[in-house]
Amino acid sequence: MMHQQRSEGRLSPSGDTEDIVAVLAPRLAYFAGVARTEHVTRAAQEMQVPQSTLSRAMVRLEQDLGVDLFARRGRTVSLTPAGRTFLGSVERALAEIERAADEVRADADPTTGKVAFGFLHTMGSETVPALIRAFRVDHPRVRFSLVQNYGEAMIERLRSGELDLCLTSPVPDAPDLVGRRLDEQKLRLVVPADHRLASRRRIRLAEAADEAFVTLEPGYGLHRITDDLCRQAGFRPRIAFEGEEAETLRGLVAAGLGVALLPPPAVPRPGVVELTVTAPRAAREIGVAWLDGHPDTPPVAAFKKFLLSKRGTLLPE
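Per-chain numbering applies: the sequence of each chain, read as written, is numbered from 1 onward. Reporting in this predicted model follows two pLDDT cut-offs: at least 70 for local features of residues, and 80 or more for side-chain atom pairs to be given and counted; totals over whole chains, interfaces and linings ignore these cut-offs and use all residues. Values shown for side chains rest on all heavy atoms present in the structure; no hydrogens or waters enter the calculation.

**Regarding the packing of helix α6 (residues 127-135) against helix α10 (residues 298-308)**
Axes, fitted as lines to C-alpha atoms, cover a helix only where it is in contact. Angles between the N-to-C directions of the axes lie from 0 to 180 degrees. Numbering of helices and strands starts at the N terminus; helices are DSSP runs of H or I of at least 4 residues and strands are runs of E of at least 2. At a minimum axis separation of 11 Å, α6 and α10 run at an interaxial angle of 115°. In this structure, α6 crosses over α10, and the sense of that crossing is right-handed. Contacts between α6 and α10 pair Leu131, Ala134 and Phe135 from the former with Pro299, Ala302, Phe303, Phe306 and Leu307 from the latter. Residues are sorted three ways: Asp, Glu, Lys and Arg are charged, Ala, Val, Leu, Ile, Met, Phe, Trp, Tyr, Cys and Pro are nonpolar, and all the rest, Gly among them, are polar. In the contact of α6 with α10, the residues fall into eight nonpolar, no polar and no charged. Two helices cross in a left-handed way if the nearer one is turned anticlockwise from the farther one by less than a right angle. They cross in a right-handed way if the turn is clockwise. In this analysis, two residues are considered to be in contact whenever any of their non-hydrogen atoms come within 4.5 Å of each other.

Here's what the structure looks like:
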């Protein structure tokens, strides 16, 4: 009965790679141990497994491969040429598994682990460095893998497991994600310094209906917000240029190529004037998102708690 049950796991010549891995993987460490000692009893003692278990595992491994790996003389064994070829690959595979295990354990370490953190390009110059600096006061050795991207791309990287957390706008509303609003960022109408509106401090967005706009590319949250605000103001924006960086857009505005709705700059940009928009209310929400049901490592959990504690104070006044 025992033999019949084990035979169900036998590989066929047409078995796919996943079948091969599932059947062979548990036996590779046993094989390497026997090959290293060239003695079944000694290998069993070193690996602390019954000798009978080890012997059966080696027989099944050879049966599954259809190749003799050992030449046997009692309990002493020596590798065949095929066994030596196989051993080289097995040792590399086991070393890679050990390296991967060490890496994931290191990333999950509460003190020195890693957080994969995504954020909008406009958060990169001031907001994110200040956040990480404040977090590392109490967690000085936690490491970060930082990714700057637009909102939709970061959400996809959350779903694929490449990111643990991301700062994005708007806050996503999807059944597989958790989003928490942290703060709000006012948007300004940026015009060239020699523009007809440059002497103003405040403006209704409808007054810019005839202007050419420069904005971020489709897929960026700010592009959708620009469209929405202009629609609320009663017009559809005439888009002259689309880019990937807010500061690039400011440069285009300074060159007289259009106007833009943008968050405040980290450093004032010469050649442009930034006007407060009084109507409609021009602002975007900033929030943190993560994959629902995804277990957090200790460093990720600590940084998530820290971010949530910043609600209402994430951005400078």
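**Let's talk about the pattern of salt bridges**
Salt bridge, as used here: a side-chain nitrogen of Lys or Arg that lies within 4 Å of a carboxyl oxygen of Asp or Glu. Applying the stated criterion across every chain yields a total of 24 salt bridges. Across the pair arginine 99 and glutamate 96 runs a salt bridge, and its minimum N-O distance is 2.7 Å. Linking arginine 99 with glutamate 96, this pair stays in helix α5 (residues 81-107), spanning three residues, or about one helical turn. Relative accessible area serves as the criterion here: at 39%, arginine 99 is assigned to the partly exposed category. Buried, partly exposed and exposed residues are distinguished by accessible area as a fraction of the type maximum, computed with a 1.4 Å probe on protein chains only: under 20%, between the cut-offs, and over 50%, respectively.

**Observations concerning the nonpolar core**
Nine residue types can take part in a nonpolar core, namely buried Ala, Val, Leu, Ile, Met, Phe, Trp, Tyr and Cys, and a core is a set of them joined through side-chain atoms within 4.5 Å. Within the largest apolar cluster, 35 residues are counted, with the highest numbers of intra-cluster contacts made by Phe117, Phe144, Leu165, Leu167, Phe303 and Leu307. For this core, the secondary structure elements donating two or more residues are β3 (114-119), α6, β4 (143-148), α7 (151-159), β5 (165-168), β6 (177-186), β13 (283-291) and α10. When near neighbours in sequence (up to four residues on either side) are disregarded, phenylalanine 117 contacts Val128, Phe144, Ser145, Leu146, Val147, Leu163, Leu165, Cys166, Leu167, Phe303 and Leu307. Ranked by size, the runner-up nonpolar core spans 29 residues in total, among them Ala198, Leu222, Cys230 and Val272.

**Focus on the packing of aromatic side chains**
Ring pairs are drawn from Phe, Tyr and Trp, using the six-membered ring of Trp, whenever the two centres fall within 6.5 Å, and their geometry is named by plane angle: stacked under 30 degrees, edge-to-face over 60, tilted for the rest. If you walk through the whole model with that rule in mind, you get 11 aromatic pairs. Ring-pair connections join several aromatic residues into one group, and the members of that group are Phe117, Phe119, Phe135, Phe144, Phe303 and Phe306.

**Concerning the sheet that holds β3**
In sheet architecture, strand pairing relies on hydrogen bonds along the backbone and comes in two forms, parallel and antiparallel. At least two DSSP bridges between two strands are required for those strands to pair. Strand order in the open sheet formed by five strands is β4-β3-β5-β13-β6, and the pairing between neighbours is mixed. Two strands in the sheet have a free side with no partner beyond their single neighbour: β4 and β6. The sheet shows a mean angle of 20° between the axes of neighbouring strands, direction not considered. Bridge count for β5 against β13 is three bridges, and the pairing is antiparallel. Considered in β13, the bridge of threonine 168 is made with glycine 287. Packing against the sheet, α6 makes contact with β3, β4 and β5, and its axis sits at approximately 165° to β4.

**What about the sheet that holds strand β7 (residues 188-192)?**
Spatially, four strands are ordered β8-β12-β7-β11 in an open sheet, and the strand pairing comes out mixed. In the strand order of this sheet, the two ends are held by β8 (202-204) and β11 (260-262), each with one partner. Between one strand axis and the next, the sheet turns through 45° on average, direction left out of account. As defined by bridge partners, β8 adjoins strand β12 (residues 272-279) across three bridges and the pair is classed as parallel.

**Thoughts on the packing of helix α3 (residues 40-47) against helix α4 (residues 51-65)**
In contact at an axis separation of 9 Å, α3 and α4 are set at 115° when each is read in the N-to-C sense. Taken as axis vectors, α3 and α4 run roughly perpendicular relative to one another. Crossing angle aside, the handedness with which α3 passes α4 is right-handed. Touching Val40, Thr41, Ala43, Ala44 and Met47 of α3 are Gln51, Leu54 and Ser55, all from α4. Its residues assigned to classes, the contact of α3 with α4 comprises five nonpolar, three polar and no charged. Each angle gets one of four labels, with under 35 degrees taken as roughly parallel, over 145 as roughly antiparallel, 65 to 115 as roughly perpendicular, and the rest as oblique.

**So, the environment of valine 214**
Relative to the elements of secondary structure, valine 214 occurs in strand β9 (residues 212-216). Taking the relative accessible area as the measure of exposure, valine 214 reaches 1% and is therefore buried. For valine 214 and alanine 240, which are 26 residues apart along the polypeptide, the C-alpha to C-alpha distance reads 5.7 Å. Excluding residues within four positions of it along the chain, valine 214 makes contact with Phe241, Leu249, Leu252, Val253, Leu257, Gly258, Val259 and Ala260.

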